[in-house]
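Coordinate analysis (summary)
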Amino acid sequence: MHTELDRCQGKWNYCLIHVFVHNVGAGLDIRINDATTLEEFESIDFDYRDFRTFTVEQVALLKPQEHVGKIKAKVVWLQDCSVPAIAHGKLLKLKECHVADPTRKIRLQLWEGCIGQVEKDESYVLENLSVRERGELYLTSTKDTTIRVSEEKVQVPELILRQQLEVKQHKQEQEVEQEVLTTVQGPVCGVKLADQRQCSSCHKGQLAFNLTAISHRCEACGFCQRVGSYVQAVNGTVWVNEGDVKLPLTLTSTVLMTYLSQNDLQELFADVRLVEEHFFEVGVFENQYNANNVVVIVTTGNV
Ligand SMILES: [Zn+2]
């Protein structure tokens, strides 16, 4: 069989007879054995260059975790800013977009390096994506994803442009928008931050954590995981002077991380005292906080 396969290298018109199809979770594997034979074909009626290209409609028929070799699609909606999100126990940047082709529209999550590679209304060839499901099926970039501008512009019919996606997500976004935020701009008079490890399963901070151990059992949910699976989380309280009042505001890890990454200060995250010092160095901050005194957006007041 090997010599036969060597013989047909570089040629395409062959047919494998008697193969075994295995479902390996992330897709299908075709396996051959001694019973498999090769037969030459005059011509085969498909373009092998397009053999991995899916339409968005075909993607929508896949199952979660399945691999998508290639799609050609237009970005019809793009989230304004990236948001911090936890994946595989790490805090990463995430940006959502909607991509469409003549057949359908679908959500696509772009992670880290993929984020800066797309613009709205541009057509792209996206390779090595994966399918996920939360409520409905969507696409996500993977560590192997490549994105390049498509020479051929993808046409998206008006009907598909208007197709509604992620009804659930829209509801959540509206709830956030309706949340009443108060803005305070003033000098920081105190800050107390704590560096904790957070369970990647229930997101609860751990009071006692031994970095040199192999595993750790979550104090909240009891789930035992490798020490490396716990995400570093810096959170605490900042006191801002507002007239005569010392206003205590809660800083969550997500908000802090967003602030630091927007100001290119991620390295401060390594030492909680450096973050605290930074607050005094900058001095004046603008904080937008909700009814529970939890800061939602923090920017330096000097801007
Ligand atoms: Zn937990």
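Structure shown above.
Computed from a predicted model, the values in this text were never measured in an experiment.

**What to know about helix 5 (residues 253–262)**
Within an α-helix, residues lying three or four positions from one another point in the same direction, as the helix has 3.6 residues per turn. Listed as buried for helix 5 are Ser253, Val255 and Leu256. Buried residues in helix 5, looked at end-on, bunch into an arc of 165°, giving them a common side. Buried residues belonging to helix 5 abut strand 16 (231–242), strand 17 (245–251), helix 6 (272–282) and strand 19 (295–300). Two residues or fewer after helix 5 comes aspartate 264, characterised by a positive phi angle close to 60°.

**What to know about the pairing of strand 12 (residues 182–198)**
With six bridges joining them, strand 12 and strand 18 (residues 284–289) adopt antiparallel strand pairing. Across the sheet, the residue bridging to valine 184 is asparagine 287, located in strand 18. Looking at chain direction, strand 12 and strand 16 are connected through 10 bridges and run antiparallel. Opposite glutamine 196, over in strand 16, you have alanine 233 as the bridge partner.

**Thoughts on the pairing of strand 18**
Across the two faces of strand 18 the burial differs, with Phe285, Asn287 and Tyr289 buried and Val284, Glu286 and Gln288 not buried at all. From the end of strand 18 to the start of strand 19, which pair antiparallel, there are five residues, and asparagine 293 there has a positive phi angle of about 65°.

**Some points on the environment of glutamine 288**
Counting through the fold element by element, glutamine 288 comes out in strand 18. You can call glutamine 288 partly exposed: it has 16 C-beta atoms within 10 Å. On a C-alpha basis, the gap between glutamine 288 and glutamine 185 in space is 8.8 Å, while along the polypeptide they are 103 residues apart. Contact partners of glutamine 288, with chain neighbours within four places excluded, come to Leu181, Thr183, Val296 and Ile297.

**Some details on the environment of valine 294**
Considering the arrangement of structural elements, one finds valine 294 in the loop between strand 18 and strand 19. Of the residues examined, valine 294 has 12 C-beta atoms within 10 Å and is grouped as exposed. Separated by 46 residues in sequence, valine 294 and proline 248 place their C-alpha atoms 9.2 Å apart. Discounting chain neighbours no more than four positions away, the residues touching valine 294 are Thr250, Thr252 and Tyr289.

**Regarding the nonpolar core**
Counting 22 residues, the largest nonpolar core has Val59, Ile71, Ala73 and Leu139 as its most contacted members. Not counting the four nearest positions on each side in its chain, leucine 139 is found in contact with Val59, Val68, Ile106, Arg107, Leu108, Leu129 and Val131. The next biggest cluster of nonpolar side chains, apart from the first, holds 15 residues, and it includes Val240, Leu251, Val275 and Phe285.

**Some thoughts on the environment of valine 118**
Mapped onto the secondary structure, valine 118 falls in the loop between strand 9 (105–111) and strand 10 (123–134). Classification of valine 118 by C-beta neighbours within 10 Å gives partly exposed; the count is 19. The sequence separation of valine 118 and valine 149 amounts to 31 residues, and the corresponding C-alpha distance is 8.5 Å. Excluding residues within four positions of it along the chain, valine 118 makes contact with Val75, Leu78, Cys97, Leu110, Tyr124 and Ile147.

What counts and how
Here the residue numbers are simple positions, counted from 1 along each chain's written sequence. Under the rules for a predicted model, residues below a pLDDT of 70 receive no local features and side-chain atom pairs below 80 are neither given nor counted, while totals for whole chains, interfaces and linings still include all residues. Think of it as a crowd count around each C-beta: if 20 or more other C-beta atoms lie within 10 Å the residue is buried, if 12 or fewer it is exposed, and in between it is partly exposed, with C-beta placed from the backbone throughout. Note on conventions: DSSP H or I runs of at least 4 residues are helices, E runs of at least 2 residues are strands, and numbering of each starts at the N terminus. When we speak of the arc, we mean the arc of directions from the helix axis to the C-beta atoms. For the purpose of contact definition, each residue receives a C-beta atom placed from its backbone, and two residues are in contact when these atoms lie within 7 Å. At least two bridges found by DSSP between two strands are what make those strands a pair. Under the definition applied here, buried Ala, Val, Leu, Ile, Met, Phe, Trp, Tyr and Cys residues are grouped into a nonpolar core through C-beta atoms within 7 Å.

Shape descriptors only; they carry no functional weight alone.
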